[in-house]
Structures are given as structure tokens and as C-alpha cells.
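Coordinate analysis (summary)
The chain contents come next:
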Amino acid sequence: MKYAGKKLVSLLMTLLFVSFLVFWAFAVIPGDPALAQLGTNATPERLEALREEMGLNVPFLQRYMRWLLHFCKGDLGQSYSYHIPVSDMILEKLPISLCMTGMAFVMVLLISIPLGILSAKHRGGKLDTVICAGNQVLMSVPPFFSGILITLLFGMVLHWFTPGGFVSMQQNPAGFFGYLLFPAFAIALPKAAMAVKTLRSALVTELGKDYPRTAYSRGNTRNQVLYGHVLKNAMIPVLTFFGMALSDILTGSIIIEQVFGIPGIGRILLTSIMNRDYPVVEAIIMLMAITVIVVNFLVDLLYRKLDPQIHVET
Amino acid sequence: MKKAIKKGILGLLVITTLTTALSGCKGASDKTGDENSSHITVGIAQDLEESLNPHKAEAAATREILFNVFEGLYKPNCDGELIPAVAKDYHCSEDGLAYMFILRDNVMFHNGNTVTAEDVISSIEACADTSDGTPLIPAFSNIKTIEKADESTIVITLAERDADFLSYIASVKAAILPAGQTDADTNPIGTGPYRYVSRSVQENIVMEKFDAYWGDPAYIEKVTFKVCADPDALVMNLNGGAVDMMAHLPVSQAQQLSKDFTVLEGTMNLVQAMYLNHDFAPFADERVRQALCYAVDKNEILELVSDGKGEQVGSSMFPNFRKYYLPSLNDTYSYQPEKAKQLLKEAGYENSLRFTVTVPSNYPQHVDTAQILVEQLKEVGVDVAIEQVEWNTWLSSVYSERQYEATVVGVDASNLTATAMLSRFCSDAGNNFINYQNTAYDTAYQAAQLELDDAAQTKLYQECEMILAETAANVYIQDLAEMVALRDDYTGYAFYPLYVQDIAKIKPVAAS
Amino acid sequence: MKRLSITFWIGAVLAGSILLFFLIGCFWTPYDPQAMNASMKLAGISIAHPMGCDAFGRDVLSRVMDGGTSTLLVACGTVLLGAGLGIVIGAISGYFGGLADTILMRIADALLAFPSVLLALVVIALLGTGEINVILSLGIAFAPSFARVVRGEFLRSRYLGYVQAARLAGASHARILFVHILPNIRSVLISAVLIGFNNAVLSEAALSYLGIGVQPPQASLGSMLAESQTYLLTAPSLCIFPGVALILLVLGFGLMGDGLSTGRK
Amino acid sequence: MSLLKLCNLSITFLDGKEPETVVQNLSMTIEAGEKVGLVGESGSGKTISALAIAGLLKRKDVRIEGQILLDGRDLLACTDREIREVQGKEIGMIFQEPMTSLNPSRTIGWQVEEALRLHTNLNAEERRARAMEALREVELTDTERIYHTYPHALSGGQRQRVMIAAAMICRPRLLLADEPTTALDVTVQKQMIALLHKLSETHGTAILFISHDLALVRTLCDRMLVLRQGKTVEEGATEQIFTAPQKEYTKELLAAVPKFERFPRPLPQEDRESVLQVSDLCAYYPMESRKLFQKKQKKQVLHHISFAIQQGEIVGLVGESGCGKTTLAKAILGLHRDDTGEITHRTEHPQMVFQDAGSSLNPSKTVEWILQEPLRNVTSMSAQEMQERVTQMLQLVQLKDTLRKRYPWQLSGGQRQRVCIAAALMLQPEFLIADEPVSALDVTVQKQILLMLQDIVQKTKVSIFMISHDLRVVYQMCDHVLVMKDGLIVESGTAEEIYRHPKHSYTKALLESAGAST
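Glancing now at the overall build of chain C. Looking only at helices and strands, chain C has 10 helices and 0 strands in total. With respect to the principal axes defined by its C-alpha atoms, chain C has extents near 70 × 50 × 30 Å. The contacts of chain C with a sequence gap of at least 6 include a subset with a gap of at least 24, amounting to 74%. Counting only carbon and sulfur atoms, one obtains 70% of the accessible surface of chain C, whose full area is about 9900 Å². Here chain C carries 15 positive and 11 negative side-chain charges, and the mean point of each set is 18 Å from the other.

In C-alpha cells, the structure reads:
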């Protein structure tokens, strides 16, 4: 209870801080939403009029307080570019990003856990060497590069999907998921490689401890020791990594969205920054901050589930 | 037992992902099947990031799409002529001040209502409203009165004569909207051949053929304008079959298209130049500006940027504006590096001129051109640095605040008037972002504005162009080549002298 | 003393040869890396141009050699600053805990959610453009993730015997943090640095679009990779060579790091 | 037929550059129900032999030769599956560190039941019943709670009981006990031996008891073997070996066992200054409050402690784990924040020697660097002077000068502890705290270090505040002794007084467990 309360307070602190930072950033950088709208047709009078209309002429702090007040009431405002409520815009795009993140994350799990276990089980062997080498190479390949390679291979050569042929979930759910499979894969690859490395080293560390020996002494097989005893303990450091990976994927898949032509949250964020559409930027960043913190919180909870010792320490 | 269940679940998961993957492929391939004939996917490089109300549409990218949905009383055709649209005819009074428009009968809005004189009046008034200072269409500040003569006749009276008035009336910005519509920003209702269906931010805009259109019906039932934000993924999107048509393709990308595509060649209808800030001390000296012009080899630029395609320009007018365009100005400054050095020496900048050229990073062709300029100017001892900025920083720092030394951009026309290209070089023009000060120019332009005779007016505008060329106002380069890729299943693409993607003219090959 | 594993040496040879290649590029390249030649536009691989030519007819080999240096400079600077900031923040946060930890980690969370594009725009607006500012803006953007990794390690280390012993030996907190504990977490740091390095190379290219960073026509590996995408189908070599140089460099460092952490004991 | 018979067992490790034989031609027998002790110092191969018997050494890089006959069946010739049938069912094993040998993330019940799950067809209910019974049998109370809890919530003694319960649950005929009491308090040690004895008697289980603590072996075992460097030195009935050892090594080993004998040292003079004065010291630990806005609560761990240490004196602090010994040390050093009372000492930089020399030396620095560190921080000596001081100090702790360039992981346990002591003495403090300085070491090494400490006190007049759970060590070394229980000093006095005439019942109990004959 106290723990949750503390977390909540720090969540609010972070949100306040980051929202202010964003507001301040928009006050500092050149250009404003009015100019972005008028473009090369801007004249000083029209610019002034539009600024007045958009409420940009009040001092920055006052504008921030007004935004904050609305935000607290649950009103995210309207997009300056699109003239639609920010909440509608985000609600429309969120499922796309969530699905892609979810799929990528599941792939990371599906790839890394078996490979990590396999690698640790045969540590020092040929299979282990191959997996480790593969890991190192995958980690060295820049993400957008792997995105292009995947597009080339699966899209242009194998024709498993149509590059740029994104369809929305409402239009064609199967097509939607089928398409997202590939960008998700591109996101998952390097993360999975790192996860394999983390899991492998955690497993090797755990296997070197005393309690697996105790388990062997009771007549457990190798697999029983690995799955029944060691895995759960080895997951504790890996969990931290998974948590960070999850926030990373959620907040940082802009490049992949771009390469695969997916209109996700990342893309909206980028174009909104470029258009100085700060109600949208604020909302998305709030969302991301909340996600980062909620994921951290969930990881903590899972930690507590996995590691009984944490109960007494805090 | 427990284990068995776990394995089962895992298996299920794998199977589900596999089946969705497979059905995903099927879904994608379906699209390129039979339905093709009545559906086209048009790629657009950026989303329409503003209001969908045509009166407020400022970006060319928005206007060229909204052209399919909206019409004014008149509209341009692909030859640059103005043809009747919502109005079927007009009469201009002898003094050129009163325009009488006769409305076409039974023109329907997409919401099923008939266009009335009230709709027309409210639309024109909205564009002419001066309560914000400048009206939405600045030229409409000239409108004195808008009156309804009868149910199908509107009379617009001007304060001063304006030969270009009909061009303004024919722009998409002066489109006719239903009177009293409150949600025009997000729900466009017009009278054009296509009806707006839906939009998804950064994803697409969908339109359907409007069956009750007054004119020649469109051929294709459904159009999806798909946002393809990554220019590098574009070729794969086209070749892979996700996009059927794409305009504004650079030559480099068009060359990589598969043989399923017809590549049509046109120009972008803009004047690409290295625009010089005349307030930057060295550029106040005409000799320096001329030296830069002599130092630039336009042929090489065209060769490297677009494989020799595109049209060279020598002043602020592009070739498709045939009425005003003067091809002879292209040769005002031929490539003479020695002469350039000579002029620089005279001006006292021998091997000592250095400046920064600011380029908006979202236009790769301008960045490429800038790179070549840097190399070419290096030859004559001018040291140029490139600074890329994103578009809004460019708008703010370069265009609005004029804090720059030189910039490479393309300037286009928002309507079919010479004013659109030339007004900005008047000394006191609000958008004179190069700070050009030339009394001869101001006089000529003023005279052209007041001239009643069309031929004489054209002459005066051309004189303006000549002054710009002779004073080397900017380092004029080219009207960039643009390629339009159209899948072989379609035909009928038409180039306009303005930013227009007229989908109504495109027809499926099978149907033709 | 320590025996270094074969992995380390393979990595060292890889990274070393690429570095040497870049180093030569500082003093000598086969052609002027910026000289354009319309007739050699997108020319393929030949003896005269072993890596072909780009869309401006510039020699790719020369550009890779030349661009490697600037890339290396920016990437190293970024990683140095990011890791430096991250280490200081993570160390203080993990070692002292309490309120400092809470505040610093909340700031890190906020920075993680703050988009780096916006950060870069702010840096330009406040400090102007230039390569130093890429390093600054990327360094700040990278610091939180370093800080998180480092914090975990310091948190674990602060109760260890040798840390207590160091306090009794009269070492100041700063000395304990950076002289006593830091060398012991190097294996974790190395892998974080490598990942950061790779990201920095690519982010530099992205930032040059915003006006900071290596501006064209000066080459950098990141911008070469970005430019090459346009010609991916017609001239894949434009993409492959800078890409491979980058991958080999990072792979080399990665193997070295791996070798270092397993070779001990 | 013997229950277990080892014939010429040799074990060779192949992972290094050269094969290293750690056990050579070991032969022994254990009859059913017999309790056999296996003693030797670290590196003597006793644990390795036990692991081999338990079938836990089957690795590619280990070569095992000879025979391990269980009921006449050679375990070395068995398949993995057959071995697993024996493990946990016929042979049970318990280990030195009950904390790390239990899986931290599984409940006690799950771990105790594991052998039943693997080797019997009992259903969950029956297994649970058996596990509860086993927990009760090892004399644990509150078994219901313990069944559902995790290892970290138990004390060391409880954990080892759990280990025994888990190892015994299938009623194995042989129990391999590898140093099962080393990590435990003396009073608990004694109980544990009694428990093993009882279990062996009731179930007829044979026990192979591996220990470096000869006294414990004497109380439990019928027969014993002395191992040295992988070879049998001596074998025979326990009493016989204790009373009449045949071999030189055995004698040496027996002599090194700490006894209730004081090391000879000159009587301290009376008129000495006190170097440390502690009066009315209380210390607290914060407790996490459960509710958000509740005031922070504290737990008092030290209650009104007062004592003083004179120059050149060795003061011992005894007490069992968790009694607050370490907190007291930290409070004196200023490492514990939340305390009240007064601590006065004349040394600016009080020093401490930690129990675990391995972790208290920075793994990434050389011996020389570690020794110079206090000088760098506190003094302004030149590099030359620091070098000289290091040389002197290495001499004082009897380390070869060539070790100065080594890293801690390249040293033996005894060498590391000497480095720790040297590091603590670098600033020439007036007193230092030694927290269990020898408890992790072999008896022979223990004795060397203790003698060295005596020597250092003679030479440098340093005072030592020595914390230990081993009453014999404290008696050997100390002038004064403090006995601590639950944060209170229950008794204090000269070593002689405390040991000869203990007043407090707790002191008496401690002395009794330690086998002191008053």
C-alpha cells in the first residue's frame, strides 16, 4: 500500500517535470503552430490573428498552467494541425503501437528464452558458440538496417507481405496482424539478441551456485534442475532487462514505424513535433512517461513475485 | 499434466501467429486482384497536416488533394485555362469592376443539398473576411460587395480593377462550401467529382466517386491517398504493390521502379534557386550575386540531381507559365568561372567570400542541389557551408525572420497569376524574404498591376522578370523534374501547371 | 597475468583494422571525398573505385575512409559524455540512495520519455549548430539509460566489503565511487558503451537532418547509410560498404568487450 | 557386505593446463549405520570425494578412477538414470552453506518434498504429511509456517535443519554431511551434532561426516580418516586417533585446534591510557512502516553499551549471530548512522579487519595499491615512503615481498587475511576492530594468524577489539571479554574470570556448547 503510494507520488512528479520540460522546449525552439499552419503564405497580420485565436499570445507559464489544468480535468485539447481532439487521435493510433509492441515483445520472449536456455545448457559447446556469435552480430546491426533487410527479404524476394501495405485493424484484422508481424520481428531481433546474452549469463551464474548441486543430489535430471530450480532465479536480472526492453520498444520504435510505413504513436509524435502541434506532443509524452513508469512498476511487482527476499528488505 | 497443457498453449500460440501471418499475406494479395479496377491507392509524401477546410488550406500538398473534393465558381484545367465549375458562365462589366456569375443548375453538394446562391455568397465572404486583418485570400480584400441578383446569379463588385480576379475565384481556396457548416475542418463537403469518406491521421484519406457530380464523372470508384512518409521505403511500396500511383517522385527513385509502372515526366512548377538575403553584406553587391550566377553550372546540377531532366530557369517564372515565361533569360549567365572570379575580385571578395546556405532538410533535392553548389562555388574560391534545418525552423528563421545568408528552396505559385510569383520581390512586400530592393522593379510591377490591357500587362510582368535576372536577384537554377509513377493498370494522368492531382481523369486500362 | 580469450583478439583485430582504415583516411584518401563527377554517377565497383561511386559520382571508398573519422569522433564524444553523465548520476543514485536516488531516477525517467528530436531542437535553439552540439544533445539523451545500468551495479556494490574497507581507509565518497567501485563494473559498462556507440552513429545521421551534426557534403557513415537507401535497389553497394564498416567496428568492439569479461578470473 | 566401499578412488581435474589429481587412491568402507568422519584442511580433497560418492562429479573435465561400491554395485559404472535413482533415495547429502544450498525462490515445503516427488508415487497430501513429519523430526517448531516460507526467512540453524529434513525424507541409508556446522553458532553446532546422532540412531542411517573441526568429529563419529592433499594420512577409531595419533600431520592438526589455553603473553601494565571509551551506546535500525503517512519506526539493536579498551589490550566480544556484534563495530567506526550515546577514541582513522577477506579486498587492484590506499587518502607521503611502508608492513604480516604486485584473487585465503590486517595497520592506528578474523580459515592457518596478531600487538602496542563466535579463540587471545546477547552486554570481565567463573547463565551455556571444561 505504502509502496504503491510512493510510486504514485513519484509518477506525478515525473509527469509534472516532463510536461513542463516539453512546454519549455516548445517555447525555446523556433517556429510555432500558427506559423506551421500558414507556411509560406504567412503575413504578419494573419500570423498575429491566428496566434491570438490559438491562444499563443499569453505568457508561456500561463499557457502551461492552463494546459495543466485541462490535463488534470482529462481534457487533452485539440490538435492544432488536424483540428480533432487529441484523445481521439491517440486512441485511434494507440492500438497499432500497442499491438506492434506486444507482438515484438512476445517475439523477444519466444526467441530469447529458448535460445538463452539452450546456450546456457550447452555452455562452452559448439551450439553455444554459434548462438553467442550470432548474438554479437545481431547486436551490431543497426535497427533500421535490419528493417530494410527484412523488407527486402520477406517483402520483395519471398513476397510474404506487401511493403507499405499496412491496413488498419478495423479494415482487415488478419491483414493488420499479418503485416505487423514483420516490423515486430525487426524490432525484436536486436532486443532478443541482448536478452539471450543476459539470460545466458544469468543462468550460468545461477548454475554455478550451490543450490543446483543440492537439487542434483536429490536425483533431479539436468532439465529438472534447469527448469525447476535455476530458471526462476535466473529470471530476476533478466526481468529488469525485459522491463527496459518493453519501455524501449514502446517509446523507441519510430524508425521501424517509418521504414514499414506504420502510422503509429511514434510517427504521430515526430510529425507533431515538426508541426509544433504541442497538445499532441504533450499527450503522447505523458503517455510514454506513464508507460515507462507503469512498466517499471510492473517489473517491480513481478520481482517481488519471483524473489521472495524483497518482501523483507523494503 | 501441467506441462502438457503448457505445451498445448504454446503450440496454439504458434499456430495462431502462423495463420494470421498467412492470412495477412492473402489479405494483401487480394487487394491487387479484381477490385483493382475501381480502386486506386495514391501515395502522398506527407499527410494533410492542417484543416480540411479549403479556405484555410495553406499547403500545396493539401490543396492538390482537396482539388478532387472542392470546386470554386471556376476552376483551372490542365492547360492552365479557367473553366466554369459551380458557375456556368460569368460576365465582367466594362470597367472591370463588376463580375456577374451565373450559377449552374442543380449542382449538388456531397451531402445531397443543391448549391444555392447563399452557399456561394457565404463561401466567398468567408474568404474575404477582413476581421483577422488579412482575408484568407489576400486578393479578396479588393472585394467591395457580394450581392445576389437572383437565385442563380451573383454579382461581385471590386474596389479596384484586377485582371487576375478570375484566377483567384478559380483557386481551390475559393471553393464553395455549404453555408453554415460548422465542422468544415474535419468533414469536407464540396461539389467535386470525389466525396470525402474518411481519414486516419498519418495513415490515409479515403474518397469515393460522387455519383451526383454535375460534370464528367470520375472513372475510379474509390481512391485511397496513402501517407508514405519514408521516401526511402517508397520504391518498395510501389514495387511491392501497396501503392498504385505516386506523384512528385525524384528521378533517382523513379528509375528503380519495376516495369509494372509507367513513369510520366513533368516538372514541379516551381523556381528552384539559391535565394540570397540581400541584407547579408556581400549579397548587397550586385557583382557578387552575378559572380555566383556565373560560377554555377546548371547543366551539371540537372545532370546530378535528376539525370539531366527538369528545366533550367533564369528568373522567378517557371516554364509551364507559358504566358509569362521568357526562355531567353536562362542564358543571362552562362557557366563562366573565370568571369565569376573576376567579378568577385572586383567586389573585393577574392577567395574570401564565405557564407552558409540554409536548406530545409525535408526536401532532398534541395539538399542535393546545395551540395553541388558547394562544390561548384569552391572552384571560384567561395567557401559555402550547408546547414540543414527542419521545415518549421526554416519557415520561422529564414522565411519569417529572414535570419539567413542564402537558402536553396523552390518557390511555387498558389494560383495562376503572375502576381503569385512576382509580388514578393516588391521592396515592401511582406513576403519579400530576400529583402530585394529595386525601384525599377517596384515601378514595373506597380504598372503591371494597374495595366488594363492583357498584352501590355504581360510585357510589364516580363520586364519584372528581366530585372530580376539582370540584377541577379537570386541564383536561379531550375524547375525540378518530377516523375509520376502510374501502375500500368491505369491511364489518363494529367499534369497541371499548378499543384493538382486530378484523380477524376484517371481511368482503369480495362475500361478504356 | 591475465590471459585474454581468443574472442578478445578476434575483436581487437577487427576493430583495429577498421580503425586503422579510418586513421589512414585522416591523412590520405584515394580521391577527394567531396569531388563530384557527373560521368561517374552511381558507377559500380571497379579497380579505380573499389567501392563504386555515389549519386554525385564521388568515390565511396574515400568517403568511407573520410566519413569514418567524423563518425568516430561524434560517436566517441557522445558515448563519452553519455556514459560520463550516466556514470556520475547512476553512481550517486545507486551509492547514496534515498532522496537523491528518487529525484535523479525520476529525472532519468522523464528524460527517457522526452523525445530526442525535441531535445536536439532545443539544443540548436539554445546553443546553435555544430558537431559539439550533436555530442551534447545525444550525450544527454543517452545518459539516462547508462545511469540505469550503472545505478544497479552501484546499488549492488555499496554493501560489499571492499567498499566498507575503503571508507575506513579514509577514502572520500568520490574516491570510493570512481576509484574503488567503478573499475569493478567495467564489464557491464563495456557492453552498454558498445550499444550506445552503435546508436550514436545512427542518431548522428538523423540529427544532421535537423541542422546539427556532420553537414553535407562532409561524409559520415550514418549519413552515407541514410543517403544510400534511395538507391538500395539500383546501387546496393552504396549501402553495403559503410554498413559493413560500421558493423565490423561495433562487432569488433563487442567481441573485445566479451573477451574482456570472460577472459578474467 | 559394507554399505559403501571406496576402492582406490582417484579424481583428476582436466580443465587446467595440466591434469591435477586432487584425490589419490582413496579407499575406505562405511558399514550400515556407521558414522565416519573425514577430516582435513581445505584442498585436502574431502569435499570432492563426497561429491564423487554422491554422483555429483560427472563432468567431462573430471576423470574418476577406481570404484565406488554401494551395496556392492559400482556407482561409477552406472548410467545417469541409475545414479539418479540412488541420489536422494539411497544417498542423501547436506552442505556447508545452508543459505546458498537452498533454492531462494522455492518454499521450504517444496524443497523438502522434492525427493519424494522424484522417487515415490505419493500424492500431494501424503507428501505434505511426510514433509511435516520430517520437519518435526529435525526439531523445528512452527512447522506449518516454515513449510510455506522461503529460506531467507529462516535462521542459519533452521536452514540446516531443513536441509537435513530434505536429505533424510526418503530415509537414505547413507548421509553425506559436508561441513554441515561450520557456518553455525556454537550452541547450534552442538544441537546439530546431537540431531545427526539421533537420526542416525533411529533410522540406522550411516553418516559420512566431513569437517575440519576435529572436536565435532570426536563427539559424533565412530571412526575417522585424515586426508591431506588427496591422500589418506591416517585411519582408525576416533578415540584412538585423538589419544594416540600415529602420523606427524595428524599430530600437527590436533595441536592447531584452538583449546582453552591462553597464548603466552606478558601481563599488560596497569597504568595505561584508554584508547576507546564507549558509554551508554544505543543503536537503531529503521523499520519500513506499512502505511503511507505513518511515522517511521525504529528497532533498537544495541542497548546502553558501555566499555573501554586500554592501549595494547585485546578485548574480545562474544555472542551469537544476530546479537548486534557487527552493529557495535560499525557504530564504533562511525559506519552506523542512527545511534545515541558517546564514543570516544583517540584514533582519527579506526580500522577494521573483516571476516570475509575475499570480498573486503578490491578485486581490481593489486596488493600494493590496496595497502597504499589509506596513505594516499590520509597522509601526504611520497611514493618512495609509501613503498617503504608497504615493505615494512608486508614483513610485519609475514608475507613475501613478491606478492605486492598480485591481485587478491591470486592469493590464498590466509594470505588475503594477512593483506587485510596489513591494510588496517597501514595508518598505525591505536586500535583496530577484528570481526571474526579467522573463522573462515583452516585451523592451522587460524593459529598462524592468531599468533601473528599477538606478535603485532607486542610490536606495535595496538589495541584490538576482537569479535568472534568462537570462545576458544577469544580465550586464547583476549585480556578482557564482553559477552553479548540481544544487544545487551550480559557479562564482562577478564578472560580468566569469565571462563573460570561465568556468572550469567548465557555465558555458561556458551561455554558448555564450546566444550569448555570449567
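Back to the text.
Within chain A, the regular secondary structure consists of 14 helices and 0 strands. Starting at the N terminus, the α and β elements of chain A follow one another as α-α-α-α-α-α-α-α-α-α-α-α-α-α. Expressed as lengths along the three principal axes of its C-alpha atoms, the size of chain A is roughly 85 × 55 × 35 Å. Each of the 314 residues in chain A was classed as buried or not, and the buried ones make up 58%. Of all intrachain contacts in chain A linking residues separated by at least 6 positions in sequence, the fraction that spans at least 24 positions is 72%.

Attention shifts here to the interface of chain A and chain C. Across the contact, 39 residues belong to chain A and 34 residues belong to chain C. For the chain A and chain C pair, buried surface summed over both sides reaches about 3100 Å², with 82% attributable to carbon and sulfur atoms. Together, A:Gln136, A:Ser140 and A:Phe145 form the three largest contributors to the area buried by chain A at its contact with chain C, with a combined 16%. For the interface between chain A and chain C, the tally reads 0 salt bridges. There are 0 residue pairs in polar contact (both at pLDDT 80 or more) connecting chain A and chain C. With 11 residues, helix H1 (residues 2–28) of chain A is the single largest residue contributor to the side of chain A that touches chain C. Within the side of chain A that touches chain C, the residues separate by chemical class into 32 nonpolar, 5 polar and 2 charged.

This part is about the nonpolar core. In terms of nonpolar packing, the biggest core is built from 230 residues, with A:Phe260, B:Ile40, B:Leu422 and B:Tyr441 touching the most fellow members. The greatest single-element share of this core, amounting to 17 residues, is contributed by helix H8 (residues 173–207) of chain A. If you look at the next biggest cluster of nonpolar residues, it comprises 90 residues, including D:Leu3, D:Val22, D:Ile53 and D:Leu174.

Residues and elements named next belong to chain A. Domain parsing of chain A yields domain 1 (2–72) and domain 2 (86–306). For domain 1 versus domain 2, the separation of C-alpha centres amounts to 33 Å. If you look at the interface, domain 1 gives 21 residues, while domain 2 gives 15 residues. When the area that domain 1 buries against domain 2 is broken down by residue, the three leading residues are Tyr3, Leu15 and Phe26, summing to 32%. The interface formed by domain 1 and domain 2 includes 0 salt bridges. Elements represented by at least two residues in the side of domain 1 that touches domain 2 include exactly H1, helix H2 (33–38) and helix H4 (60–72). Of the residues forming the side of domain 1 that touches domain 2, the biggest block, 11 residues, is contributed by H1. Looking at side-chain class alone, the side of domain 1 that touches domain 2 contains 15 nonpolar, 3 polar and 3 charged residues.

What follows concerns the pattern of salt bridges. Residue and element names in this part refer to chain B. Under the counting rule described, the total for this entry stands at 58 salt bridges over all chains. With its nearest N and O atoms 2.9 Å apart, the salt bridge here joins Asp244 to Arg487. Taken together, the residues span a long stretch of sequence, with Asp244 in the loop between helix H5 (231–240) and strand E11 (245–249) and Arg487 in strand E19 (residues 481–487) at a distance of 243 residues. With relative accessibility at 9%, the residue Arg487 sits in the buried group.

Residue and element names in this part refer to chain B. The strand order E8-E9-E10-E1-E11-E19-E12 describes an open sheet built from 7 strands, whose pairing is mixed. At either margin of the open sheet sits one strand with a lone partner, and together these are strand E8 (194–200) and strand E12 (261–267). Along the sheet, successive strands turn relative to each other by an average axial angle of 20°, direction set aside. Here 3 bridges tie E11 to E19, and the two strands are oriented antiparallel to one another. Across the sheet, residue Leu249 finds its bridge partner in E19, namely Met483.

About the cut-offs
Residues numbered from 1 in each chain as written. Chains lettered and ligands numbered in written order. Predicted model: local features only at pLDDT ≥ 70, side-chain atom pairs only at ≥ 80, totals over all residues. Heavy atoms only, no water. Helix = DSSP H or I, 4+ residues; strand = E, 2+ residues; numbered from the N terminus. Contact = heavy atoms within 4.5 Å. Areas by Shrake-Rupley, 256 points an atom, 1.4 Å probe, with all protein chains shown as cover. Lys, Arg positive; Asp, Glu negative; His and termini not counted. Charge placed at Lys NZ, Arg CZ, Asp CG, Glu CD. Buried < 20%, exposed > 50% of the residue type's maximum accessible area, 1.4 Å probe, protein only. Buried area = accessible area lost by both parts, 1.4 Å probe. Salt bridge = Lys/Arg side-chain N within 4 Å of Asp/Glu carboxyl O. Polar contact = N/O pair within 3.5 Å; in protein donor to acceptor, adjacent residues only side chain to side chain. Nonpolar A, V, L, I, M, F, W, Y, C, P; charged D, E, K, R; others polar. Core = buried A, V, L, I, M, F, W, Y, C linked by side-chain atoms within 4.5 Å. Domains from an automatic or database assignment. Pairing = 2+ DSSP bridges. Axes fitted to C-alpha atoms, helices over the stretch in contact; angles between N-to-C directions.

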